[in-house]
4 protein chains.
Amino acid sequence: MTFGIASKGVYAIAATPFLKDGTIDFNSVDSLTDFYQDSGCTGITILGIMGEAPKLEPEESRAIIKRVVSRARIPVIVGVSAPGFAGMTSLARSAMDMGAAGVMIAPTPALRTDEQIIAYFAGAVEAIGVDVPWVLQDYPLTLNVVISAAVIAKIIANHPSCLMLKHEDWPGLEKISKLRALQNAGELRPFSILCGNGGMFLDFEPERGADGAMTGYGFPDMLTELVSLFAQGKRDEAHDLFDLHLPLIRYEQQLGIGLAVRKHVLMRRGAIACDAQRKPGQMLSATAKAEVDYLLSRIARHDSRAAFR
Amino acid sequence: MTFGIASKGVYAIAATPFLKDGTIDFNSVDSLTDFYQDSGCTGITILGIMGEAPKLEPEESRAIIKRVVSRARIPVIVGVSAPGFAGMTSLARSAMDMGAAGVMIAPTPALRTDEQIIAYFAGAVEAIGVDVPWVLQDYPLTLNVVISAAVIAKIIANHPSCLMLKHEDWPGLEKISKLRALQNAGELRPFSILCGNGGMFLDFEPERGADGAMTGYGFPDMLTELVSLFAQGKRDEAHDLFDLHLPLIRYEQQLGIGLAVRKHVLMRRGAIACDAQRKPGQMLSATAKAEVDYLLSRIARHDSRAAFR
Amino acid sequence: MTFGIASKGVYAIAATPFLKDGTIDFNSVDSLTDFYQDSGCTGITILGIMGEAPKLEPEESRAIIKRVVSRARIPVIVGVSAPGFAGMTSLARSAMDMGAAGVMIAPTPALRTDEQIIAYFAGAVEAIGVDVPWVLQDYPLTLNVVISAAVIAKIIANHPSCLMLKHEDWPGLEKISKLRALQNAGELRPFSILCGNGGMFLDFEPERGADGAMTGYGFPDMLTELVSLFAQGKRDEAHDLFDLHLPLIRYEQQLGIGLAVRKHVLMRRGAIACDAQRKPGQMLSATAKAEVDYLLSRIARHDSRAAFR
Amino acid sequence: MTFGIASKGVYAIAATPFLKDGTIDFNSVDSLTDFYQDSGCTGITILGIMGEAPKLEPEESRAIIKRVVSRARIPVIVGVSAPGFAGMTSLARSAMDMGAAGVMIAPTPALRTDEQIIAYFAGAVEAIGVDVPWVLQDYPLTLNVVISAAVIAKIIANHPSCLMLKHEDWPGLEKISKLRALQNAGELRPFSILCGNGGMFLDFEPERGADGAMTGYGFPDMLTELVSLFAQGKRDEAHDLFDLHLPLIRYEQQLGIGLAVRKHVLMRRGAIACDAQRKPGQMLSATAKAEVDYLLSRIARHDSRAAFR
């Protein structure tokens, strides 16, 4: 691939590990990077919304980029969404200079009409440079910006440097079908679609045309296996695996406390040392932790990855 | 005009008068209709958002339409926005049968993308019938649907029965300019633009290309005079008149309590007997009433219409 | 129970069956009522948001109430949410006169602060009458009104006629725990909590303190079995049953097209004759229908209720 | 005053001057600081939303604080709102170390219930330190967080370091009255209320209990004169002055393009060298500039401050 962004498989949306006192836990940054890599991920996305990026100072963001890029042997994409193009450009250039494979840009929440959205990404691409490969993040549930398939197609057509869609519209299956239909009709060049939303619809998204997942579910190894099963045409086996994990996927996909669940699972699995979040953040109650552990134990009956250490 | 909707001047957005017990005050419906007419309005719009239409039962809506249409000697437009097209169609047909000049349709609040908005109005027009003249209401501040100039142009192009835009985007001056520029470029057929938002920018909207106002400010006679001054090219005089009323226009243009201010002014001017609203509704405090009365007294120094009776 | 609202079990949120032409399919109203009853439901809730209530004319709403109440041998709750208290009162009185067990009221979307929410329900209760038993619907995802546990407690304390909470906050498990903790501390009188959100968290809600479910999932017979398993303390069996259905529960819980999925399932199960919705509404694509059918076939391997007829 | 925040008068919300290339124009930072001071302002607020703070890098923010604090002979308040408390604390400490009189904190947009809002400010105060004087910004129109008078009272009661309310709720006159009534009833300690929203209701806010204004209207000298007239009990003169400026105040108070109007006026008045904004930003059309200039010329007939240089 020209720009070095792998087009298929699973990109892990990386959590940012903190110590109890809120400082960055760089040892866990390393172990988490290894964990994603060992899980068969084709790439890692850092500094996304779930990575608590808005709570980091710019120098911290740069330190994390440096650490992950220097350790990973797979492409790293860096979230650079920012209120101003100056800050976005500055972070994007730092990231590319340090060896990132590309950046990810989400629309700013105030955008509403098609032309506003199209103009925003034109401005962003002009700002970061037309040579920087980037991923378009489509996440209406949190960002409150709804991007139609036609607008996504327009953005992809306008910007050759847009290589991938992080698709997390909800509901969103029809949008994937529409985009692939445009492509099949010769109206849209090839581009990659990786799905987010915690994997909640990953039992159908590959058949709709998705190339894989970009999400932070605590079992990236299960995600890579799932995508592989679909690639092999093993539909029923894929659903069996998906259904086994769905209760936890669903539990993790709760706005606000989802990140707490995810960090709890990653800690239980040994990928990070501590499940702390920077404030303000929502923590799990003891009951919620017990519920997650119960779900893990149920998964563990059929999938040893979920067994307690 | 083919459909009987006047294309210029002032359409009063009619308040719905209630008695203290919440029943409709039909005597005040009559006196208010006369008041609007005697104020030089070219039309009356009833059952809009400010007319408390959502708080009326369908049979009440029909009774009000009948009363106003039978009394008015100017065109009457009826707000028919509804969650379902069945209810919208039923009300639109009743209104046209009773002699309304047309209907007004606002987008349903869930709409977000350009294609959703365009599809919604296509469905609405199919439902009410392509022969029913209608006004497109563009009111993002309350409805939370943002319609770009390009989308308005598309809707007008798609539907010959769309004769008028009730423009109350905010800020909205550039949108008027864009629409008229499309028309001047031959890309859009003629249509009428009447401005809402309580008249807050009526000192510039006519020069941008608006044909007048469609709003419920308590001094429709001032609005008609203002639009007439602009038509005569008397810019400074128009601004003098506008500036005199702006403190009250601004006070009335407060979300939530604006209707209470408006009904208070209409009652003080003798146009309605009672300023009651149907519940739930926000009433004016004694301090607020005193503030409105003070603003009226200031206007009255130069405009006898504001003098207390 | 004094007011005749059962406090435990499953209330089915009833779909409103339409014929292809959009008219109400009263034969299916009957068969659907029977279906819910035969599924072991302890009650039926009609004219809710998922019942397309806003798309009905008042006389249609009354006809449906009459039909369901006269046929059902279990309590019927009627959704009476309306923009104005006059319309709400009129519908509530009709419902109670026809034999409904109570009404359900959701907050109007404009409410934001605690005191606004508390004042709104005080106004509603004053309007419909303090003797009318009612259910408080807490549904932030769609209504955009967030009600804290403390505010729910206050409303319950203020209004003895509030007998039940339809809980569909998301995430919402902690809210149930908080409310029950207030009760256990003697600070809140007993009241019923039935959970909505399509049943997405019904594998944990009973243990948190919920009395059952009030939702419209296409397998109310599974919901009643699930609630019963929890009542018997059969935790693992309950989770086995829940996990079997979760892929479909999740698929049905998509904003916008969820109702289409639900009607498709109810039609496949023979509970209604036609899956038509009133316009504007979102329909299922052929691919989506095939996906639902595939999920049904997977459930059917272990639960004969999902087998195709 | 213990903390050095003046409690009355006018705080100018400072624009951040940029050169055409988007870099900070420090010479204009100086001239603007002088301009505010010479206008009789009792203080200056920097790095607020209108100051394009979110578009600055942290080191730029610190450079601006340093420049303004070292030049101003009046108290400087620094906006420190941030997605995470770590960034907020870091900026607040820098600001206080450099000599700021206090900081200003707005609620994060996700907050909805009273208890969430109260908890957020408790967390913020704990983070920045209980000894740092701060201003509570109440700005629902942009931040989408509605704070009731009771919640403001609670926050003020909880935190002795909260010295001032920047009041820009809309409509908001009754909220001022409520807060002052609580104080008069002995239920709330003294605190300062300065009003924002561009000054749109500054003709009534002082009589409701406000101590002045904190806003960025291009004529801070008019704002200080207005507040002074009210302090002298010269009601009619105050209204005469307010009404003269209201057409421009209103024009400047347009979401999105308001900042462009403000910078245009400040440039015309010689307070800054260039009206550039950082991207993405909305610029004025030639027509809009002509409209602003026309409004200035109308004001200039009675107020020489508005005369063109």
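Along each chain, residue indices are assigned from 1 in the same order as the chain's sequence is written. Written order decides the labels, with chains lettered from A and ligands numbered from 1. In keeping with the model being predicted, local features are shown solely for residues with a pLDDT of at least 70 and side-chain atom pairs are shown and tallied solely at 80 or more, while totals for entire chains, interfaces and linings include all residues. Heavy atoms from the whole structure form the basis of all side-chain values; hydrogens and water molecules are not counted.

Asks: Before we go on, may I ask you to explain the sheet that holds strand β7 (residues 192–195) of chain B in this structure?
Replies: Sheets are built from strands paired through backbone hydrogen bonds, the pairs being either parallel or antiparallel. Residues and elements named next belong to chain B. Spatially, β1-β2-β3-β4-β5-β6-β7-β8 is the arrangement adopted by the eight strands of the closed barrel, whose pairing is parallel. With strand direction ignored, the average angle separating the axes of adjacent strands in the sheet is 25°. Note: two strands are recorded as paired if DSSP finds a minimum of 2 bridges between them. Labels follow the DSSP assignment, with helices taken as runs of H or I lasting at least four residues and strands as runs of E lasting at least two, numbered in each case from the N terminus. Bridge count for strand β2 (residues 43–46) against strand β3 (residues 76–79) is three bridges, and the pairing is parallel. Counted as the bridge partner of T45 is I77 from β3. The contact criterion used is simple: two residues touch if any of their non-hydrogen atoms lie within 4.5 Å. For helices, the fitted axis covers only the stretch in contact; all axes are lines through C-alpha atoms, and the angles between them, taken along N-to-C directions, range from 0 to 180 degrees. Most of the contacts of helix α6 (residues 149–158) go to strand β5 (residues 134–138), to which it runs at about 170°, and overall it touches β5 and β6 (162–167).

Asks: Is there a simple way to explain the environment of L182 of chain D in this structure?
Replies: Residue and element names in this part refer to chain D. Mapped onto the secondary structure, L182 falls in helix α7 (residues 173–184). It is 8.1 Å that separates the C-alpha atoms of L182 and A153, two residues lying 29 residues apart in sequence. Leave out the neighbours within four places in its chain, and L182 touches A153, E187 and L188.

Asks: What is the right way to look at the relation of the copies chain B and chain A in this model?
Replies: What connects the two chain copies is a rotation about an axis and a shift along it. When chain B is fitted to chain A, the best match, at an RMSD of 0.0 Å, comes from turning it 180° and sliding it 0.0 Å along the axis. On this basis, the relationship between the two copies can be described by a two-fold rotation axis. Of the interface residues in chain B, 100% have counterparts in chain A that sit at the interface too, so the contact is made through matching surfaces. Residues below a pLDDT of 70 in either copy are left out; the C-alpha atoms of the rest, at least 70 in both, set the least-squares superposition of the copies.

Asks: Please explain the pattern of salt bridges as it appears in this structure.
Replies: When the charged atoms of two side chains with opposite charge come close together, those side chains can pair. Between Lys or Arg on one side and Asp or Glu on the other, a salt bridge is scored when a side-chain nitrogen of the former is within 4 Å of a carboxyl oxygen of the latter. For the coordinates displayed, the defined rule picks out 96 salt bridges over all chains. Measuring nitrogen to oxygen at the nearest pair gives 2.7 Å for the salt bridge that ties E60 of chain A to R278 of chain A. Of this pair, E60 of chain A sits in helix α2 (residues 58–71) while R278 of chain A sits in the loop between α11 (258–268) and α12 (286–300); the two residues are 218 residues apart in sequence, bridging distant segments of the chain. Neither E60 of chain A nor R278 of chain A differs from the other in exposure class; each is buried. R305 of chain D serves as the salt-bridge partner of D303 of chain D, at 3.0 Å between the closest nitrogen and oxygen. Given the relative accessible area of 5%, D303 of chain D is considered buried. Using a 1.4 Å probe on the protein chains alone, a residue whose accessible area is under 20% of its type maximum counts as buried, one over 50% counts as exposed, and one in between counts as partly exposed.

Asks: Would you take a moment to explain the relation of the copies chain C and chain A for this structure?
Replies: Superposition of chain C onto chain A requires a rotation of 180° combined with a translation of 0.0 Å along the rotation axis, giving an RMSD of 0.0 Å. When the interface residues of chain C are mapped onto chain A, 100% of them are again interface residues, pointing to one common binding face.

Asks: Honestly, the sheet that holds strand β8 (residues 212–215) of chain A in this entry has me stumped. Any pointers?
Replies: All names here are of chain A. Taken together, eight strands build a closed barrel; the order of strands is β1-β2-β3-β4-β5-β6-β7-β8 and the barrel is parallel. Strand-to-strand twist in this sheet, taken as the mean axis angle between neighbours without regard to direction, amounts to 25°. Running over the sheet, helix α4 (residues 114–128) touches β4 (102–105) and β5 (134–138) and is turned about 150° from β4.

Asks: Help me understand the packing of aromatic side chains in this model?
Replies: The description of two aromatic rings rests on the distance between their centres and on the angle between their planes. Put simply, two rings from Phe, Tyr or Trp (the six-membered ring, in Trp's case) pair if the centres are within 6.5 Å, and we call them stacked under 30 degrees between planes, edge-to-face over 60, tilted for the rest. Evaluation of the coordinates by the stated rule reveals 28 aromatic pairs over all chains. An angle of 40° between the planes, with centres 5.6 Å apart, marks the rings of Y217 of chain A and F219 of chain A as tilted. Judged by relative accessible area, F219 of chain A falls into the buried class, the value being 0%. Taken together, a centroid distance of 5.6 Å and an interplanar angle of 85° make the contact between Y120 of chain C and F121 of chain C edge-to-face. For the pair Y120 of chain C and F121 of chain C, a shared accessibility class is recorded, and that class is buried. An aromatic cluster of at least three residues, connected via ring pairs, comprises F85, Y120, F121 and W134 of chain A. Directly above the aromatic system of F191 of chain B lies the positively charged group of R180 of chain B, at a separation of 5.0 Å from the ring centroid. The rule for a charge over a ring is simple: NZ of Lys or CZ of Arg within 6 Å of the ring centre, and within 35 degrees of the ring normal.

Asks: I would appreciate a short explanation of the interface of chain C and chain A in the present structure.
Replies: Size of an interface, as often reported, equals the accessible area lost when the parts are brought together. Taken together, the contacts link 33 residues of chain C with 33 residues of chain A. Accessible area that two parts lose when put together, with a 1.4 Å probe and added across both, is what the buried area reports. Buried area between chain C and chain A, both sides added, is near 2900 Å², and the carbon and sulfur share of it is 58%. Here chain C is connected to chain A by ten salt bridges. The term polar contact refers here to a pair of N or O atoms within 3.5 Å; inside protein, the definition further demands a hydrogen-donor-capable atom paired with an acceptor-capable atom, and it admits residues adjacent in sequence only when both atoms are side-chain atoms. One can count 14 residue pairs in polar contact (both at pLDDT 80 or more) joining chain C with chain A. For the side of chain C that touches chain A, the element with the highest residue contribution is helix α10 (residues 235–252) of chain C, accounting for ten residues. In this count, Pro and Cys sit with the nonpolar residues alongside Ala, Val, Leu, Ile, Met, Phe, Trp and Tyr, while Asp, Glu, Lys and Arg are called charged and the others, Gly among them, polar. Each residue belonging to the side of chain C that touches chain A can be placed in one class, and the counts come to 16 nonpolar, six polar and eleven charged.

Asks: For this particular structure, what's the right way to read the interface of chain B and chain A?
Replies: Across the contact, eleven residues belong to chain B and eleven residues belong to chain A. Carbon and sulfur atoms supply 44% of the area buried between chain B and chain A, which totals about 980 Å² over both sides. Run the count over chain B and chain A and you get two salt bridges. Salt-bridge contacts for E115 of chain A lead to K178 of chain B; the nearest nitrogen and oxygen are separated by 3.9 Å.

Asks: Where do I start with the packing of helix α1 (residues 26–38) of chain B against helix α2 (residues 58–71) of chain B in this structure?
Replies: Any two packed helices are characterised by the angle at which their axes cross and by the distance between the axes. Residue and element names in this part refer to chain B. Across the interface, α1 lies against α2 with an axial gap of 10 Å and an inter-helix angle of 40°. As far as their axial angle goes, α2 and α1 are oblique. Here α1 and α2 pass one another in a crossing that is right-handed. Listed contacts from α2 to F26, N27, V29, D30, T33, D34 and Q37 of α1 are A63, I64, R67, V68 and R71. Residue composition of the contact of α1 with α2, by class: five nonpolar, three polar and four charged. By the definition adopted for this analysis, an angle is roughly parallel if under 35 degrees, roughly antiparallel if over 145, roughly perpendicular if from 65 to 115, and oblique otherwise. Handedness of a helix crossing follows the sense of rotation of the near helix relative to the far helix, less than a right angle counterclockwise being left-handed and clockwise being right-handed.

Asks: What should I look at first to understand the side chain of K263 of chain B in this one?
Replies: Position of K263 of chain B relative to the elements: it lies in helix α11 (residues 258–268). With near-sequence residues (within four places) excluded, K263 of chain B lies in contact with A15, T16, P17, F18, E52, I272, D275, A276 and Q277 of chain B.

Asks: Could you clarify how one ought to interpret the pairing of strand β4 (residues 102–105) of chain B in this entry?
Replies: Residues and elements named next belong to chain B. Neither face of β4 is open: one carries G102 and M104, the other V103 and I105, and all of them are buried. Relative to β5, β4 runs parallel, the two sharing three bridges. Residue pairing across strands places V103 opposite W134, the latter belonging to β5. For the handedness criterion, the β-α-β arrangement of β4, helix α4 (residues 114–128) and β5 is classed as right-handed. Clockwise travel from the first strand over the helix to the second, with the strands pointing away from the viewer, marks a crossover as right-handed.

Asks: I tried to follow the state of the cysteines on my own but got confused; where do I start?
Replies: In this description, a disulfide is simply a cysteine sulfur pair whose atoms lie within 2.5 Å. If you walk through the whole model with that rule in mind, you get zero disulfides over all chains. As a non-bridged cysteine, C41 of chain B has C195 of chain B as the owner of its nearest cysteine sulfur, 15 Å distant.

Asks: Explain the environment of G216 of chain D here, please?
Replies: All names here are of chain D. Along the polypeptide, G216 turns up in the loop between β8 (212–215) and α9 (220–231). Residues G216 and M50 lie 166 residues apart in sequence; the distance between their C-alpha atoms is 8.0 Å. G216 has contacts with I13, E252 and R262, leaving out every residue within four places of it along the chain.

Asks: I'm lost on helix α4 (residues 114–128) of chain C in this one. Help?
Replies: Three or four residues apart is the spacing at which side chains of an α-helix point the same way, because the helix has 3.6 residues per turn. With 15 residues, α4 of chain C extends 22 Å from end C-alpha to end C-alpha; this agrees with the ideal 21 Å at 1.5 Å per step. Taken together, the buried positions of α4 of chain C are occupied by D114, I117, I118, Y120, F121, G123, A124, V125, A127 and I128 of chain C. On its buried side, α4 of chain C packs onto α3 (85–97), β4 (102–105), β5 (134–138) and α6 (149–158) of chain C together with α4 (114–128) of chain D. Phi for G129 of chain C, located one or two positions after α4 of chain C, is positive at around 105°. Take the residue count of a helix, subtract one, and multiply by 1.5 Å to get its expected span.

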